[in-house]
Number of protein chains: 2
Amino acid sequence: MLTPNPRLVFAKRPDVGILPVPGEHLVFDPSPSIDLDAVPLNGGFLTKTLMLAPEPFLRERMRDPSIPSYSTHAVLGAPVVGSVLVVVIRSEKEGVNIGDRMYGLSHWEAYTVQPYVEGRVDFKAGNYTEDLTIDLDTMGLGPVPDPKGAYPWSRYLGILGAPGLTAFCGLEAYGDAKKGETIYVSSGASGVGSVVIQLAKARGLRVIASAGSDAKIEYMRTLGADVAFNYRSTDVAGALKKHGPLDIYWDNVGGASVEAAIEHARPKARFIMCGSISEYNTEPHTWYGVKNMSTIWKKRIQIHGLFVGDHIPTLGPRFFAEVPALIAQGKMVGQESFTEGLETAAEVLVRLLQEGGGDDLGKPIVVVARE
Amino acid sequence: MLTPNPRLVFAKRPDVGILPVPGEHLVFDPSPSIDLDAVPLNGGFLTKTLMLAPEPFLRERMRDPSIPSYSTHAVLGAPVVGSVLVVVIRSEKEGVNIGDRMYGLSHWEAYTVQPYVEGRVDFKAGNYTEDLTIDLDTMGLGPVPDPKGAYPWSRYLGILGAPGLTAFCGLEAYGDAKKGETIYVSSGASGVGSVVIQLAKARGLRVIASAGSDAKIEYMRTLGADVAFNYRSTDVAGALKKHGPLDIYWDNVGGASVEAAIEHARPKARFIMCGSISEYNTEPHTWYGVKNMSTIWKKRIQIHGLFVGDHIPTLGPRFFAEVPALIAQGKMVGQESFTEGLETAAEVLVRLLQEGGGDDLGKPIVVVARE
């Protein structure tokens, strides 16, 4: 018996500097179907997608294949590959059982035979091509434990998923945080930023955070930010001059914010470069030119390009030992904002990629199916 | 009996973006004198300056005191404080004997009662003000051993002094050099650059180096550079595209070279930011804006602002254990270019600060006195 297996297809590459358009670059296709009982598993297992999380890194993968980046480019005509929470509904693989929940990267479709690509590896190990780019198409799923009511399953896509891991690994690997120091977090209301704020407070840091709406400013204050400002109404350099100097800068936005942070950094400051949302949808020739690069040596600033996959093998175990417990104890909080149905995924993603990252408070999650 | 004690005085701050002018900002003053036999030592010692080394960092110290930087600003009206090789001619200090040679930072004058500033510390330990800037006025001298003919004393101002230490500490602390990798060294014929090239070759790296004259290109080849190009006639980005990609970038120049190196870096490349000679004599609003900062996280590039003083306590002993032996065995070479007389120091310094760093091959040394 055939069951509908809708998917979100990566149909066309958006040009450099433009937002992808739902229905053009990202097309919801309701037509595929699958025989859940008879589809061959070939020693693998069959998963049902429960939730998925649109995330900024997906835009980078949509680039033209001639442009190098940290990740391999997305495959045209295939389903989007992104963060998912799935449940196992059939299995021929030892150690994988019906009812197991898994988090990681997989196809954005209702049901998937896993592994969906030959040669995939467990997502915790990372998988690099010979030029050191990351083949995200071959990264897979890892099991997640039942929270037994301590927190909702959706946390695994937010504070306990890639955003939380990114915040934890970046701060642990590069932050060298010392109690009483000051950190500035741009996009502090984002999936990653909201965890950086909380981890920074837990380590005794003074936190300056910025975002683009009054609701987000209030949200960042509830997360513990000591200073929260709206970059649309407040000059970033002026705010950092007033509230700085900085010992750590967590960069989610790029461009002029980096220049301002360099200007107002203390000697020996650490910068963690995580993203550049100010530039995802603009052409490179319009990108802001950072003029004060010489200040890097004058202040002995250390600037670290971060990719979480590099650190999960070493820091992931500590994350999973510490953060779920803090959440269960109420010492850290996750927050998600939900939309219903795979057909909403493209729109949620595009909203996230807009300048300002959209109005959603908390990590945007698309609910694909209830159990 | 009074002996002349000429000095080079820091007489006036040059405006931002201009070269200092000998006779205006840096004034040779032949009028002071000293009684070498009777001058009180107060438990210290009296040194005679043999050689001094004009170096680019001196320009940074001439800035307006309102501008923060890694070092304290130079004191107006006082002798310039810079790298020197001195010999002890009187001593009241235990462990310091007549005839001892010392290298480090001291006044640029013929004779100096040491310590010249209360609270100075041995130069190997570093000395930081509470805002983490380095008080170079309180850094002092350290003894250097007699090479007994294995190499000339002048090496202590070049490959065995600050330039050599800078190259060694930067590569060891941040380079993570692996055999077969590629490094690009800008200003490869400079005091620091020429040692970076040799150390990189000793570690099995492929070396791309640039400088601004044909004689320097040839000099860099003799030091072992695999690819040497003239940045005045060859586009840096084009050369790096052709001969890269880079695993390590040693930056002595700043500006557009940094952007080109980011563009042609391999994933996980390490950048060692040592100086910005392209910007020492130009106004900040004219500095090149680096537009590809987002590539830092896309390639997980690690950018390290370097100040050698941070690393001498940990890496200095290894340097002094390894490099003098390599020089004595002829496996590394130092080269200096000499001028005679303290009255030439200002001109040699200004030549070094010019775009291109002047035409001198090897480390410029001013001979102040023979024994």
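These figures come from a predicted structure and were not determined experimentally.

## Here we look at the environment of B:Pro79
Residue and element names in this part refer to chain B.
Stage number 1. As for its placement among the helices and strands, Pro 79 is situated in the loop between helix H1 (57–61) and strand S6 (81–91).
Stage number 2. Pro 79 sits 14 residues away from Pro 65 along the chain, and the two C-alpha atoms are 17 Å apart.
Stage number 3. Discounting chain neighbours no more than four positions away, the residues touching Pro 79 are Arg 7, Leu 8, Val 9, His 107, Trp 108 and Glu 109.

## A few points about the relation of the copies chain A and chain B
Stage number 1. Superposition record for chain A on chain B: RMSD 0.0 Å, screw rotation 180°, translation along axis 0.0 Å. The transformation relating the two chain copies, once decomposed into turn and shift, fits a two-fold axis. Closest approach to the rotation axis among the C-alpha atoms of chain A is made by A:Gly289, whose C-alpha sits 1.8 Å away.
Stage number 2. Mapped onto chain B, 100% of the interface residues of chain A again fall at the interface, so both copies present the same surface.

## Points about helix H5 (residues 236–243) of chain A
Residues three or four positions apart in an α-helix share a direction because the helix packs 3.6 residues into each turn.
All names here are of chain A.
Stage number 1. Of all the positions in H5, only Val 236, Ala 239 and Leu 240 are classed as buried. Seen along its axis, H5 keeps its buried residues to an arc of 95°; they face one direction. In H5, the exposed positions that point more than 90 degrees away from the buried face belong to Lys 241 and Lys 242.
Stage number 2. On its buried face, H5 is in contact with strand S10 (182–185), strand S11 (206–211), strand S12 (227–230), strand S13 (246–251) and helix H6 (256–263).

## Details of the interface of chain A and chain B
Stage number 1. Listed by partner, the interface residues are 39 residues for chain A and 39 residues for chain B.
Stage number 2. Summed over both partners, the interface of chain A with chain B buries about 3,600 Å², with 56% contributed by carbon and sulfur atoms.
Stage number 3. Contact with chain B buries surface across chain A, with A:Lys291, A:Trp297 and A:Arg300 losing the most and accounting together for 22% of the total.
Stage number 4. Where A:Glu60 meets B:Lys298, a salt bridge forms, and the shortest distance between an N and an O atom there is 3.5 Å.
Stage number 5. Counting the contacts that link chain A with chain B gives 16 residue pairs in polar contact (both at pLDDT 80 or more).
Stage number 6. Going through the elements one at a time, strand S14 (265–273), helix H7 (294–298) and strand S15 (302–305) of chain A are the ones with two or more residues in the side of chain A that touches chain B.
Stage number 7. Classifying every residue of the side of chain A that touches chain B by side-chain character gives 21 nonpolar, nine polar and nine charged.
Stage number 8. Bridge analysis of S15(A) against strand S15 (residues 302–305) of chain B gives three bridges, and the strand direction is antiparallel. The residue bridging A:Gln302 from the neighbouring strand is B:His304, located in S15(B).

## Things to note about the pairing of strand S7 (residues 101–107) of chain B
Looking along a regular strand, one sees the side chains alternate between the two faces of the sheet.
Residue and element names in this part refer to chain B.
Stage number 1. In terms of burial, S7 is a largely internal element, seven of the seven residues being buried.
Stage number 2. Note: S6 against S7, seven bridges, orientation antiparallel. Residue pairing in the sheet places Val 84 in a bridge with Gly 104 of S7.
Stage number 3. Pairing geometry for S7 and strand S9 (residues 141–143), over three bridges, is antiparallel. Counterpart to Met 102 in the pairing with S9 is Pro 143.

## A short note on the side chain of B:Lys216
Stage number 1. Summarising the element assignment, B:Lys216 is placed in helix H4 (residues 214–222).
Stage number 2. Discounting residues that sit within four places of it in the chain, B:Lys216 has contacts with B:Ala189, B:Ala211, B:Gly356, B:Gly357, B:Gly358, B:Asp359, B:Asp360 and B:Leu361.

## With respect to helix H2 (residues 162–175) of chain B
Residue and element names in this part refer to chain B.
Stage number 1. Between its first and last C-alpha, H2 extends 18 Å over 14 residues, near the 20 Å set by a 1.5 Å rise per residue.
Stage number 2. Of all 14 residues in H2, 11 are buried, a share of seventy percent or more.
Stage number 3. Residues of H2 that are buried: Pro 163, Gly 164, Leu 165, Thr 166, Ala 167, Phe 168, Cys 169, Gly 170, Leu 171, Tyr 174 and Gly 175.

## Observations concerning unusual backbone geometry
Stage number 1. Between A:Gly244 and the following residue, A:Pro245, the backbone shows a cis peptide bond with an omega angle of 0°.
Stage number 2. One can find A:Pro245 in the loop between H5 and S13.
Stage number 3. For A:Asp176, which is not glycine, the phi dihedral falls at a positive 45°.
Stage number 4. As for its placement among the helices and strands, A:Asp176 is situated in the loop between helix H2 (162–175) and S10.
Stage number 5. Despite not being glycine, B:Asn42 shows a phi value in the positive range, around 50°.
Stage number 6. Looking at the secondary structure, you find B:Asn42 in the loop between strand S4 (33–35) and strand S5 (45–53).

## Overview of the domain arrangement of chain A
For an interface, size is often stated in terms of accessible area lost upon the parts coming together.
Residue and element names in this part refer to chain A.
Stage number 1. Entries for chain A in the domain assignment read domain 1 (3–155 + 335–367) and domain 2 (162–308).
Stage number 2. With 26 residues of domain 1 at the interface, the matching set in domain 2 holds 16 residues.
Stage number 3. Taking both sides of the interface into account, the surface hidden between domain 1 and domain 2 amounts to around 1,600 Å²; carbon and sulfur atoms contribute 59%.
Stage number 4. Contact with domain 2 buries surface across domain 1, with Gly 17, Glu 355 and Leu 361 losing the most and accounting together for 26% of the total.
Stage number 5. There are zero salt bridges connecting domain 1 and domain 2.
Stage number 6. Connecting domain 1 to domain 2 are one residue pair in polar contact (both at pLDDT 80 or more).
Stage number 7. In terms of residue class, the side of domain 1 that touches domain 2 is built from 13 nonpolar, seven polar and six charged.

## A closer look at the packing of aromatic side chains
Stage number 1. In this structure the tally under the stated criterion is 14 aromatic pairs over all chains.
Stage number 2. Considering the side-chain rings of B:Tyr184 and B:Tyr249, the 5.1 Å spacing of their centres and the 10° angle between planes classify their relative orientation as stacked. Remark: B:Tyr249 occurs in strand S13 (residues 246–251) and B:Tyr184 occurs in strand S10 (residues 182–185); sequence separation between them is 65 residues.
Stage number 3. Judged by its relative accessible area of 0%, B:Tyr249 falls in the buried class.
Stage number 4. Each residue in the set A:Tyr184, A:Phe229, A:Tyr249 and A:Phe271 is aromatic and connected to the rest through ring pairs, giving one cluster.
Stage number 5. The cationic tip of A:Arg101 hangs over the ring face of A:Trp153; the distance from NZ or CZ to the ring centre is 4.2 Å.

## Some points on empty space enclosed by the protein
Residue and element names in this part refer to chain A.
Stage number 1. Evaluated as defined, the whole model comprises two cavities of 30 Å³ or more.
Stage number 2. In this structure, the largest cavity spans a volume of roughly 80 Å³.
Stage number 3. Considering the residues around the largest cavity, the lining is formed by 13 residues, among which Ile 159, Gly 191, Ser 194, Val 195 and Gln 335 are closest to the centre.
Stage number 4. Among the residues making up the lining of the largest cavity, the classes are represented as five nonpolar, six polar and two charged.
Stage number 5. Residue assignment places the lining of the largest cavity across two domains, with domain 1 (3–155 + 335–367) and domain 2 (162–308) each supplying three or more.

## Structural notes on the pattern of salt bridges
All names here are of chain A.
Stage number 1. Scanning all chains against the criterion turns up 34 salt bridges over all chains.
Stage number 2. Here Glu 181 ties to Lys 178 by a salt bridge, and the two come within 3.7 Å at their closest N and O atoms.
Stage number 3. What emerges from the salt-bridge pattern is a single network uniting Glu 172, Arg 203, Arg 318 and Glu 322.

Rules behind the numbers
- Residues numbered from 1 in each chain as written.
- Chains lettered and ligands numbered in written order.
- Predicted model: local features only at pLDDT ≥ 70, side-chain atom pairs only at ≥ 80, totals over all residues.
- Heavy atoms only, no water.
- Helix = DSSP H or I, 4+ residues; strand = E, 2+ residues; numbered from the N terminus.
- Contact = heavy atoms within 4.5 Å.
- Least-squares fit on C-alpha atoms with pLDDT ≥ 70 in both.
- Buried < 20%, exposed > 50% of the residue type's maximum accessible area, 1.4 Å probe, protein only.
- Arc of directions from axis to C-beta.
- Buried area = accessible area lost by both parts, 1.4 Å probe.
- Salt bridge = Lys/Arg side-chain N within 4 Å of Asp/Glu carboxyl O.
- Polar contact = N/O pair within 3.5 Å; in protein donor to acceptor, adjacent residues only side chain to side chain.
- Nonpolar A, V, L, I, M, F, W, Y, C, P; charged D, E, K, R; others polar.
- Pairing = 2+ DSSP bridges.
- Expected span 1.5 Å × (residues − 1).
- Domains from an automatic or database assignment.
- Phe/Tyr/Trp six-rings, centres within 6.5 Å; stacked < 30°, edge-to-face > 60°.
- Lys NZ or Arg CZ within 6 Å of the ring centre and 35° of its normal.
- 1 Å grid on protein atoms, 1.4 Å probe; cavity = no way out; pocket = protein on both sides within 12 Å on 5 of 7 lines; lining within 4 Å.
- Points joined across faces, edges and corners; volume = space filled by probe spheres on them.

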